[in-house]
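Each chain, written out:
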Amino acid sequence: MQTEFIIKAAEAIHHAINVNESEIESLDREIGDGDHFINLKRGCSSVLDIKEKISVLSAEEALNHIGLKLLSTVGGASGPLLASFFIAYSQSEKENNLDPVNQTSKSFTSGVEAIKKRGKASTGEKTMLDVLIPVSILLNKLANENKDPLEIIPLIKEVALKGVLSTRDMIATKGRAANLGERAIGHVDPGAKSCQIMIETVCDLILNNK
Ligand code: ADP
Ligand code: MG
């Protein structure tokens, strides 16, 4: 991965989060405390604040800086979880040197594993992991099949969206929504939605860069 692409992705994610402000905010108001959009916006701004600094770094160092910045600036449950994703992703980029698809799959999976560990959660608990785990499973499968990125991207976008919708009928067992019991049923998880938006944004950026 190139640092230039990471910066472009950060800018595109910042834009996409802003475009989806009202949806993200209202989802967290329904089953959380309403601050998920603010947390994400703060995270995006803090990453863009260090744009110049990271532009001269290797991709893995840039990703590590992003993770540490998120850890120190974003509150809520989502801040440290997303931070751990980037720190683990960076570590995997440093330790492996695979072809782009297999490398992305390996690093993304390391990032997701770090979130699972930090949040002590898995699928079916009405969290961001209901998007991230299915995406990492599919990515691994397609990478093993040596699929072309152009074939992979639409399938990833589809599974991410399916993951978001799957949270609607779940009872939450992690995070603030866990206090709501059955009252959380019928509402999509805000962290699942924001992760799907971020994944879709990066997928579209890859397609447009082709
Ligand atoms: P907070 O819940 O502290 O207000 P945010 O609103 O920023 O923080 O983030 C809420 C999102 O974080 C939830 O929608 C959910 O997707 C995710 N989340 C919360 N707890 C966990 C956990 N233990 N594991 C994975 N994701 C979690
Ligand atoms: Mg919240």
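### Notes on the site of ligand 1
Phase 1 of the analysis: Around ligand 1 lies a shell of 20 residues, among which Asn39, Ala77, Ser78, Gly119 and Asp189 are the nearest.
Phase 2 of the analysis: Note that a nitrogen atom of ligand 1 is positioned 2.9 Å from one of the backbone N or O atoms of Gly119.
Phase 3 of the analysis: Taking Arg176, its side chain carries an N or O atom lying 2.9 Å from an oxygen atom of ligand 1.
Phase 4 of the analysis: Out of a free accessible area of 570 Å², ligand 1 has 92% covered by protein chains.
Phase 5 of the analysis: Cavity membership is defined here by more than half of the atoms lying within 2 Å of grid points; on that basis ligand 1 lies in the second largest pocket.

### Brief notes about the coordination of the magnesium ion (ligand 2)
Phase 1 of the analysis: Coordination of the magnesium ion (ligand 2) by the protein is provided by Asp28 (OD), Asp33 (OD) and Asp35 (OD), with metal-donor distances spanning 2.0 to 2.3 Å.
Phase 2 of the analysis: Motif for the magnesium ion (ligand 2), donor spacing along one chain: D-x4-D-x1-D.
Phase 3 of the analysis: By relative accessible area, Asp28 is classed as buried at 7%.
Phase 4 of the analysis: Residue classification places Asp33 among the partly exposed residues on the basis of a relative accessible area of 37%.

### Concerning the nonpolar core
Phase 1 of the analysis: Ranked by internal contacts, the top residues of the largest apolar core, which has 54 residues, are Ile17, Phe108, Val131, Leu132, Val135, Ile156 and Ile199.
Phase 2 of the analysis: It is helix α8 (residues 129–144) that provides the largest number of residues to this core, a total of nine residues.
Phase 3 of the analysis: Contact partners of Ile17, with chain neighbours within four places excluded, come to Ile24, Phe37, Leu40, Cys44, Ile197 and Met198.

### A look at unusual backbone geometry
What is expected of a backbone is that most residues other than glycine have negative phi and most peptide bonds are trans.
Phase 1 of the analysis: With phi around 45 degrees, Lys120 is a residue other than glycine that occupies positive phi space.
Phase 2 of the analysis: Here Lys120 lies in the loop between α7 (100–119) and α8.
Phase 3 of the analysis: One non-glycine residue, Asn146, lies in the positive phi region at around 55 degrees.
Phase 4 of the analysis: Taking relative accessible area as the criterion, Asn146 reaches 64% and is therefore assigned exposed.

Criteria and cut-off values
Every chain's residues receive numbers from 1 upward, in the order its sequence appears when written. Starting at A for chains and at 1 for ligands, labels are handed out in the order in which the entities are written. In view of the model being predicted, local features appear only for residues whose pLDDT reaches at least 70, and side-chain atom pairs are presented and counted only at 80 or more, with totals across whole chains, interfaces and linings using the full set of residues. The side-chain figures draw on all heavy atoms in the structure; neither hydrogens nor water molecules are used. Nearness is defined per residue: one heavy atom within 4 Å of the molecule or strand is enough. Any pair of nitrogen or oxygen atoms within 3.5 Å is treated as a polar contact; in protein, a donor-acceptor pairing is required on top of that, and neighbouring residues in sequence qualify only through side-chain atoms on both sides. Accessible surface is estimated by sampling points in the Shrake-Rupley manner with a 1.4 Å probe; for residues, cover comes only from the protein chains shown. Here a cavity denotes a set of grid points, spaced 1 Å apart and computed over the protein atoms alone, in which a 1.4 Å probe fits but from which it cannot get out, and a pocket denotes an open set meeting protein on both sides within 12 Å along at least five of seven lines; residues with an atom within 4 Å of a point are reported as lining. Throughout, a molecule is located in a cavity or pocket provided that more than half of its atoms lie within 2 Å of its grid points. The donor definition counts N, O and S atoms within 2.8 Å of each metal and applies 3.2 Å to Na, K and Ca; water is not among these atoms, so some sites may look incomplete. Burial classes follow relative accessibility: with a 1.4 Å probe on protein chains only, a residue under 20% of its type's maximum area counts as buried, one over 50% as exposed, and anything between as partly exposed. To define a nonpolar core, start from buried Ala, Val, Leu, Ile, Met, Phe, Trp, Tyr and Cys residues and group those joined through side-chain atoms within 4.5 Å. Counting from the N terminus, the helices are DSSP H or I runs at least four residues long and the strands are E runs at least two residues long. Two residues form a contact once any of their heavy atoms are found within 4.5 Å.

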